[in-house]
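The lines below spell out each chain.
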Amino acid sequence: QVQLVESGGGLVQAGGSLRLSCAASGRIFSIRHMGWYRQAPGKQRELAARITSGGVTNYADSVKGRFTISRDNFKNTVYLEMNSLKPEDTAVYYCHAEVRYSGYETYWGQGTQVTVSS
């Protein structure tokens, strides 16, 4: 099994910044895609940012230019730097990873709350 443990969430004022981290551990040969999804109250879970093992990134239009995703392959950790935060960014943020052991399997973190006050 693989566990994804997130940290860095919290309460911040609009315009502020937070840095989320997610560390993967367990039976891992390699990790292909890693990303962050978010789910606001009453909304569907949506992709915020994703990064490949080679460093290619994708962002939701709503966060582009404000969020930066990065990863440390040696530490099996992905980060999300969130700047210029807006109240609309308030959500539970979930770490996601495609992990290779024999084939590829998908894993999710437990989620970390991000609350942006106006």
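Preceding this section is the structure that the text describes.
What you are looking at is a predicted structure, and each value in this text was computed from that prediction instead of being measured.

Asks: Even after reading the chapter, I still don't get the state of the cysteines, so can you show me in this structure?
Replies: The term disulfide refers to a covalent linkage connecting the sulfur atoms of a pair of cysteines. A full pass over the atoms with the stated rule returns one disulfide. Bridging cysteine 22 to cysteine 95, the disulfide has an S-S length of 2.1 Å. Linking cysteine 22 and cysteine 95, the disulfide has an S-S dihedral of approximately -85 degrees and is accordingly described as left-handed. Of this pair, cysteine 22 sits in strand S3 (residues 18-26) while cysteine 95 sits in strand S9 (residues 91-100), and the two are 73 residues apart along the sequence. Exposure remark for cysteine 22: the relative accessible area of 0% places this residue in the buried category. The class for cysteine 95 is buried, based on a relative accessible area of 0%.

Asks: Any chance you could explain the sheet that holds strand S1 (residues 2-7) here in plain terms?
Replies: In a beta sheet, neighbouring strands pair by backbone hydrogen bonds and run either parallel or antiparallel. Ordered by their spatial adjacency, four strands build an open sheet running S1-S3-S8-S7, and the pairing between neighbours is antiparallel. Pairing within the sheet leaves two strands with one partner each, and these edge strands are S1 and strand S7 (67-72). The sheet shows a mean angle of 15 degrees between the axes of neighbouring strands, direction not considered. In the sheet, S7 pairs with strand S8 (residues 77-82) via six bridges, with the strands oriented antiparallel. Residue isoleucine 69 lies in a different strand from S8, and its bridge partner there is leucine 80.

Asks: I keep staring at the environment of serine 117 and nothing clicks. Help me out?
Replies: Considering the arrangement of structural elements, one finds serine 117 in strand S11 (residues 112-117). The residues touching serine 117, leaving out its near neighbours within four places in the chain, are Leu11, Val12, Gln13 and Ala14.

Asks: What is the right way to read the environment of cysteine 95 from this model?
Replies: Taking the C-alpha atoms as reference points, cysteine 95 and tryptophan 108, separated by 13 residues in sequence, lie 5.7 Å from one another. If we skip the residues at most four places from it in the chain, cysteine 95 touches Leu4, Glu6, Cys22, Gly35, Trp36, Val78, Tyr107, Trp108 and Gly109.

Asks: Help me understand the packing of aromatic side chains, please; the structure alone is not making it clear to me.
Replies: Each pair of aromatic rings is reported with the distance of its centres and the angle of its planes. As enumerated under the stated definition, the model contains one aromatic pair in all. Considering the side-chain rings of tyrosine 37 and tryptophan 108, the 5.0 Å spacing of their centres and the 65 degrees angle between planes classify their relative orientation as edge-to-face. A residue pair is termed long-range when its members are at least 10 positions apart, and tyrosine 37 in strand S4 (residues 30-39) and tryptophan 108 in strand S10 (residues 104-108) qualify at 71 residues. Exposure remark for tryptophan 108: the relative accessible area of 39% places this residue in the partly exposed category. Seen from the ring of tyrosine 104, arginine 32 lies directly overhead, with NZ or CZ sitting 4.1 Å from the centre. Note that arginine 45 overlies the ring of tryptophan 108, its terminal NZ or CZ placed 4.9 Å from the centroid.

How each quantity is defined
Residues numbered from 1 in each chain as written. Predicted model: local features only at pLDDT ≥ 70, side-chain atom pairs only at ≥ 80, totals over all residues. Heavy atoms only, no water. Disulfide = S-S within 2.5 Å. Helix = DSSP H or I, 4+ residues; strand = E, 2+ residues; numbered from the N terminus. Buried < 20%, exposed > 50% of the residue type's maximum accessible area, 1.4 Å probe, protein only. Pairing = 2+ DSSP bridges. Axes fitted to C-alpha atoms, helices over the stretch in contact; angles between N-to-C directions. Contact = heavy atoms within 4.5 Å. Phe/Tyr/Trp six-rings, centres within 6.5 Å; stacked < 30°, edge-to-face > 60°. Lys NZ or Arg CZ within 6 Å of the ring centre and 35° of its normal.

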